[in-house]
Amino acid sequence: MPTLTPKQILQIWEDGQAVAPWLRAMLLLETAEPGLSRNDLAQLPIGERDARLLGLRQEVFGDALSSLAHCPKCNEQLELSFAVDDVRLPPPETQGPWTFEDGTAEIAFDLPTSSDLESLVPGREASDALLSACIREMTMDDAPATIGDLSSTQRAALVAYIAETDPRADTKAAVACPRCAHTWSAQFDIVAFFWEEIGAWVRRILSEVHILARAYGWCESDVLALSAWRRKQYLALARP
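We now turn to the structure provided with this report. None of the values given here were measured: they were computed from a predicted structure.

Let's talk about the overall build of the chain
Check the secondary structure of the chain and you find 10 helices and eight strands. A compact globule built from 240 residues should have a C-alpha radius of gyration of about 18 Å, whereas the chain, at 22 Å, is more than 25% larger. Its C-alpha atoms give the chain principal-axis dimensions of roughly 80 × 50 × 35 Å. A burial count over the chain gives 37% of its 240 residues as buried. Sequence separation of 24 or more characterises 59% of the internal contacts of the chain that already satisfy a separation of 6 or more. Working note: accessible area of the chain is about 14000 Å², and carbon and sulfur atoms make up 50% of it. For the chain, the distance from the average position of its 21 positive side-chain charges to the average position of its 35 negative side-chain charges is 13 Å.

If you want it as structure tokens, here you go:
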């Protein structure tokens with residue numbers, strides 16, 4: 001499985017400061033998988049992209065995941081601990097394009113990709129634009145049609161069917177509140193989760209570089225080349 005070096009993680013963090021989340025995903029994957037171009041990665045379905053990010057996160061930081069959540073019923077703050085396999089889901093059982101039918105509409109569609117997200121402008125029409133980007137062909141009563149021809153009920157059914165086709169694109173974790181016993185499904189966004197972990201790691205490693213550079217006159221690359229165990233030993237010696 002591909003992984004990332006400390007130097008690569010720092011560069012990704014720097015390059016990803018002012019870009020959209022989908023571009024952060026591209027930065028991570030194109031660094032870890034140099035055999036694939038950004039265009040190749042951008043054409044992956046969101047579920048496949050996120051599955052690769054989950055695998056990369058496992059290689060970089062290990063199997064254990066932890067996060068905070070608030071109970072929607074009693075607002076209790078919870079500390080969640082789970083494993084990568086708890087949120088790893090299988091790929092779609094069939095290859096696309098897929099077809100949605102409800103007796104009136106027949107819609108051939110592809111799963112949404114990062115490339116589809118690239119051109120979206122935030123706002124009320126963004127979801128319709130994303131749906132339109134996924135649709136290959138659409139008819140209603142055997143006549144050509146567009147998203148605007150769908151009723152609100154049909155549109156909701158189409159969105160649900162696309163999500164059901166590849167649940168990896170909207171991963172959820174089962175959560176139970178120990179205080180009030182309320183249970184719910186919390187969304188697990190691997191892009192945001194992984195990026196937050198990288199941020200915490202970067203802040204820690206930059207502090208370690210600063211301490212060791214002052215103590216021994218080493219440059220950043222010298223410190224990053226050390227194993228985590230050796231950095232820990234030198235930090236213990238450098239601190240009064």
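Looking at a nonpolar patch on the surface
Nonpolar side chains collect at one region of the surface, where Tyr-216, Tyr-234 and Leu-237 lie side by side and expose about 300 Å² of accessible area between them. Take Leu-237: it is sitting in helix α10 (residues 228-238). Classification of Leu-237 as exposed rests on a relative accessible area of 65%.

Details of the pairing of strand β4 (residues 105-109)
By the criterion of burial, β4 is predominantly enclosed, with four of the five residues buried. Examined bridge by bridge, strand β3 (residues 98-101) and β4 share four bridges and lie antiparallel to one another. The partner of Thr-99 across the bridge, within β4, is Ala-108. Between β3 and β4, which pair antiparallel in sequence order, lie three residues; one of them, Gly-103, sits at a positive phi of approximately 95°.

Some remarks on the sheet that holds β4
Ordered in space as β3-β4-β5-β6, the four strands form an open sheet in which the pairing is antiparallel. Looking along the sheet, the strands with just one partner apiece sit at the ends: β3 and β6 (143-144). Along the sheet, helix α6 (residues 126-134) makes contact with β4 and β5 (135-140), crossing β5 at roughly 95°. Sheet strands touched by helix α7 (residues 152-165): β3, β4 and β5. Its angle to β3, the strand with the most contacts, is close to 150°.

Cut-offs used in this document
Residues numbered from 1 in each chain as written. Predicted model: local features only at pLDDT ≥ 70, side-chain atom pairs only at ≥ 80, totals over all residues. Heavy atoms only, no water. Helix = DSSP H or I, 4+ residues; strand = E, 2+ residues; numbered from the N terminus. Rg over C-alpha atoms; globule rule 2.2 N^0.38 Å. Buried < 20%, exposed > 50% of the residue type's maximum accessible area, 1.4 Å probe, protein only. Contact = heavy atoms within 4.5 Å. Areas by Shrake-Rupley, 256 points an atom, 1.4 Å probe, with all protein chains shown as cover. Lys, Arg positive; Asp, Glu negative; His and termini not counted. Charge placed at Lys NZ, Arg CZ, Asp CG, Glu CD. Patch = residues over 30% accessible without salt bridge, like charges linked within 9 Å, V, L, I, M, F, W, Y side chains within 5 Å. Salt bridge = Lys/Arg side-chain N within 4 Å of Asp/Glu carboxyl O. Pairing = 2+ DSSP bridges. Axes fitted to C-alpha atoms, helices over the stretch in contact; angles between N-to-C directions.

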